Amino acid sequence: MATAAIKWRAEVACKLCRNAAVKTKGQWLKANVKVMAKDVIIACDFSSKEQTLSFLDKFTGRKPFVKIGMELFYAEGPAIVREIKARGHKIFLDLKLHDIPNTVRKAMSVLSRLDVDMCNVHAAGTVDMMRAGLEGLTREDGTRPLLIAVTQLTSTSEERMQKELLIDATINDCIAKYAENAKEAGLDGVVCSPLEASLVKEHCGKEFFTITPGVRFADSSKDDQVRIMTPAQAREIGSDYIVVGRPITAAEDPVAAYERCCKEFLNE
Ligand code: C5P
């Protein structure tokens, strides 16, 4: 990518820093949230530190935003987060917390010390739980990473949601309500399928982030993803961050695949 484009994106990211104030149970919680520019997040779904670092070693120029999920975190612990952060990558720590509010508050307080850029909770944990997570994540100086909510997992069908979870609503109504709850709790956005991004924006406004997995190039394999969009389509429907795994990690030339993704999604 051209240096000018990198510089432009860095400037946009800086301008987007904002102060947010959220009313929690006991107090107004002021947070200095660094809102980053739209980006491509690589899902580093590897099981070991060696595999992950050897993959990231390929990126000698630009440092991609990476997602660390449960598999890698449980295998390697917080040290892998510190190591990737020290290499200059932004990190989305995808641990999807869901527990009683007190436990989530304390767990988030521990995660806030890892200096990640984004982390998440399940919206199904209720507004109180999401608020508690936000409180825990907010450091004493008011700074915190972005906090986003998982609405309904894309692996949950409407039929299973209704029959097994006894949620008597359409999946779209459920996603819209969970996103509204996340907004009410003061969160910054939700993870959703690209097909749901416009629904979320309609209900929660343009500023409310949508982070969308299920992205595939027009000419690449779908793998096990069903509801997919290309990076360009994800940009057109207003997705803020796309999470892309195998189209990049399993590509013959991962750096070229990443650059292609950035080109299509960011219109560079
Ligand atoms: O390899 P692929 O591009 O399908 O990876 C997508 C990533 O996004 C994986 O880490 C997957 O766990 C995650 N994800 C998803 N669908 C969701 C939430 C997360 O695919 N609803």
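Being a predicted model, the structure only gives us computed values, none of them experimental. (Residues numbered from 1 in each chain as written. Predicted model: local features only at pLDDT ≥ 70, side-chain atom pairs only at ≥ 80, totals over all residues. Heavy atoms only, no water.)

Asks: Looking at this model, I keep getting lost on the sheet that holds strand 11 (residues 241–244). Mind explaining?
Replies: In sheet architecture, strand pairing relies on hydrogen bonds along the backbone and comes in two forms, parallel and antiparallel. Overall, parallel pairing links the eight strands, which are arranged 3-4-5-6-8-9-10-11 in a closed barrel. Neighbour-to-neighbour, the strand axes of this sheet turn through a mean angle of 25°, independent of strand direction. Here strand 10 (residues 209–212) pairs with strand 11 via two bridges, running parallel. Paired with Thr212 across the bridge in strand 11 is Ile242. Together, strand 3 (39–43), strand 4 (65–69) and strand 11 form the strand contacts of helix 12 (residues 254–266), whose direction differs from that of strand 3 by roughly 145°. (Pairing = 2+ DSSP bridges. Helix = DSSP H or I, 4+ residues; strand = E, 2+ residues; numbered from the N terminus. Axes fitted to C-alpha atoms, helices over the stretch in contact; angles between N-to-C directions. Contact = heavy atoms within 4.5 Å.)

Asks: Before we go on, may I ask you to explain unusual backbone geometry in this structure?
Replies: As a rule of thumb, non-glycine residues mostly have phi less than zero, and peptide bonds are mostly trans rather than cis. Unlike most non-glycine residues, Thr126 shows phi in positive territory, near 90°. Tracing the backbone through its elements, the reader meets Thr126 in the loop between strand 6 (118–122) and helix 6 (127–137). You will see that Asp223, though not glycine, has its phi angle at about 55°, which is positive. Structurally, Asp223 is set in the loop between strand 10 and helix 10 (231–236).

Asks: Explanation requested: the packing of helix 5 (residues 101–112) against helix 6 in the structure shown.
Replies: Any two packed helices are characterised by the angle at which their axes cross and by the distance between the axes. In the contact formed by helix 5 and helix 6, the axes pass within 7 Å of each other and the chain directions differ by 30°. Relative to helix 6, the element helix 5 is oriented roughly parallel. Crossing geometry of helix 5 relative to helix 6 is assigned as right-handed. Only Asp128, Met129, Ala132, Gly133, Glu135, Gly136 and Leu137 of helix 6 make contact with helix 5, whose side of the interface consists of Pro101, Val104, Arg105, Met108, Ser109 and Ser112. Residues that form the contact of helix 5 with helix 6 fall into these classes: six nonpolar, four polar and three charged. (Parallel < 35°, antiparallel > 145°, perpendicular 65-115°, else oblique. Left-handed = near helix turned anticlockwise from the far one by under 90°. Nonpolar A, V, L, I, M, F, W, Y, C, P; charged D, E, K, R; others polar.)

Asks: Help me understand the state of the cysteines in this model?
Replies: What is meant by a disulfide is a covalent connection between two cysteines, made through their sulfur atoms. If you walk through the whole model with that rule in mind, you get zero disulfides. Cys204 provides the cysteine sulfur closest to Cys192, a residue in no disulfide bond, and the two sulfurs are 9.8 Å apart. (Disulfide = S-S within 2.5 Å.)

Asks: What's the story with the site of the ligand in this structure? I'm lost.
Replies: In the neighbourhood of the ligand, the contacting residues comprise Ala43, Asp45, Lys67, Thr154, Pro213, Arg216, Gln225, Val243, Val244, Gly245, Arg246 and Pro247. Side-chain polar atom of Arg246 to an oxygen atom of the ligand: 2.7 Å apart, as the coordinates give it. Burial of the ligand by the protein amounts to 83% of the accessible area it has alone, namely 460 Å². Of all the secondary-structure elements, those providing two or more residues to the shell around the ligand are strand 11 and helix 11 (246–249). Among the residues forming the shell around the ligand, the class breakdown is five nonpolar, three polar and four charged. (Near = heavy atom within 4 Å. Polar contact = N/O pair within 3.5 Å; in protein donor to acceptor, adjacent residues only side chain to side chain. Areas by Shrake-Rupley, 256 points an atom, 1.4 Å probe, with all protein chains shown as cover.)

Asks: What am I meant to see in the pairing of strand 5 (residues 91–97) here?
Replies: Where a strand is regular, its side chains alternate between the two sheet faces. Burial analysis of strand 5 places six of its seven residues in the buried class, the great majority of the element. One ladder, built from four bridges, connects strand 4 with strand 5; its direction is parallel. Bridge pairing in strand 5 links Ile68 to Leu93. Inspection of the sheet shows strand 5 paired to strand 6 by three bridges, in the parallel sense. When the sheet's bridge partners are listed, Phe92 is paired in strand 6 with Met118. For the crossover that starts at strand 5, traverses helix 5 and ends in the parallel strand 6, the hand is right-handed. (Buried < 20%, exposed > 50% of the residue type's maximum accessible area, 1.4 Å probe, protein only. Right-handed = clockwise from strand over helix to strand, strands pointing away.)

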